[in-house]
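Analysis of the macromolecular model
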Amino acid sequence: MALSYKARRRWSLVLLLVGLPVYIVAAVVLIALFDRPSVLAELAIYVGLGIVWAIPFKFLFKGIGQADPDDQN
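Residues lying three or four places apart along an α-helix face the same way, a consequence of the helix completing one turn every 3.6 residues. Here helix H1 (residues 5-32) is 28 residues long and its end C-alpha atoms lie 39 Å apart, about the 40 Å a rise of 1.5 Å per residue gives. The largest bend in H1 comes to about 35 degrees, at leucine 16. Taken together, the buried positions of H1 are Tyr5, Ala7, Arg8, Ser12, Leu15, Ala27 and Ile31. Turning to H1, the residues buried within the fold contact helix H2 (39-52) and helix H3 (58-61).

The N-to-C vectors of H1 and H2 enclose an angle of 145 degrees; their axes lie 11 Å apart at closest approach. Where H1 crosses over H2, the handedness of that crossing is right-handed. Residues Tyr23, Ala27, Val28 and Ile31 of H1 lie in contact with H2, whose contacting residues are Ile45, Tyr46, Leu49 and Val52. Of the residues that constitute the contact of H1 with H2, the class distribution is eight nonpolar, no polar and no charged.

Under the counting rule described, the total for this entry stands at one salt bridge. A salt bridge links arginine 36 to glutamate 42; the nearest nitrogen and oxygen atoms lie 2.8 Å apart.

Let's shift gears to the environment of alanine 2. Along the chain, alanine 2 falls in the segment before H1. Its relative accessible area of 70% is what places alanine 2 among the exposed residues. Distance from alanine 2 to valine 47, taken between C-alpha atoms, is 30 Å for residues 45 residues apart in sequence.

With that out of the way, let us pick up the packing of aromatic side chains. Summed over all chains, the structure comprises one aromatic pair. Here the aromatic rings of tryptophan 53 and phenylalanine 61 are separated by 6.1 Å at their centres, their planes lie at 80 degrees, and the arrangement is edge-to-face. On the basis of relative accessible area, tryptophan 53 is assigned to the buried category, the value being 17%. Looking at phenylalanine 61, the relative accessible area reads 24%, which means it is partly exposed.

So, on to a nonpolar patch on the surface. A cluster of nonpolar side chains, contributed by Leu3, Trp11, Leu13, Val14, Leu17, Val18, Val22 and Phe59, occupies part of the molecular surface with about 830 Å² of accessible area. Element by element, the count of residues in the nonpolar patch is highest for H1, at six residues. In this fold, leucine 3 is placed in the segment before H1.

Cut-off values and rules
- Residues numbered from 1 in each chain as written.
- Predicted model: local features only at pLDDT ≥ 70, side-chain atom pairs only at ≥ 80, totals over all residues.
- Heavy atoms only, no water.
- Helix = DSSP H or I, 4+ residues; strand = E, 2+ residues; numbered from the N terminus.
- Expected span 1.5 Å × (residues − 1).
- Bend = angle between axes of the 7 residues up to and from the residue.
- Buried < 20%, exposed > 50% of the residue type's maximum accessible area, 1.4 Å probe, protein only.
- Contact = heavy atoms within 4.5 Å.
- Axes fitted to C-alpha atoms, helices over the stretch in contact; angles between N-to-C directions.
- Left-handed = near helix turned anticlockwise from the far one by under 90°.
- Nonpolar A, V, L, I, M, F, W, Y, C, P; charged D, E, K, R; others polar.
- Salt bridge = Lys/Arg side-chain N within 4 Å of Asp/Glu carboxyl O.
- Phe/Tyr/Trp six-rings, centres within 6.5 Å; stacked < 30°, edge-to-face > 60°.
- Patch = residues over 30% accessible without salt bridge, like charges linked within 9 Å, V, L, I, M, F, W, Y side chains within 5 Å.
- Areas by Shrake-Rupley, 256 points an atom, 1.4 Å probe, with all protein chains shown as cover.

Laid out in structure tokens, this is it:
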């Protein structure tokens, strides 16, 4: 079942306001469990994790910044 435009906007907002901070804290805690790598390796890990979190939600964010296609006005 496809989500409507308004539902996708709401879910993307929830994901950005709740899910992303939780993911950031989890990533920092996970990295802190290991010995600190070099600065470049640590940067690569954080950049990689920053990209990976959005891949499963690509369908949710697609077209959110545009006007509502179902709006009749």
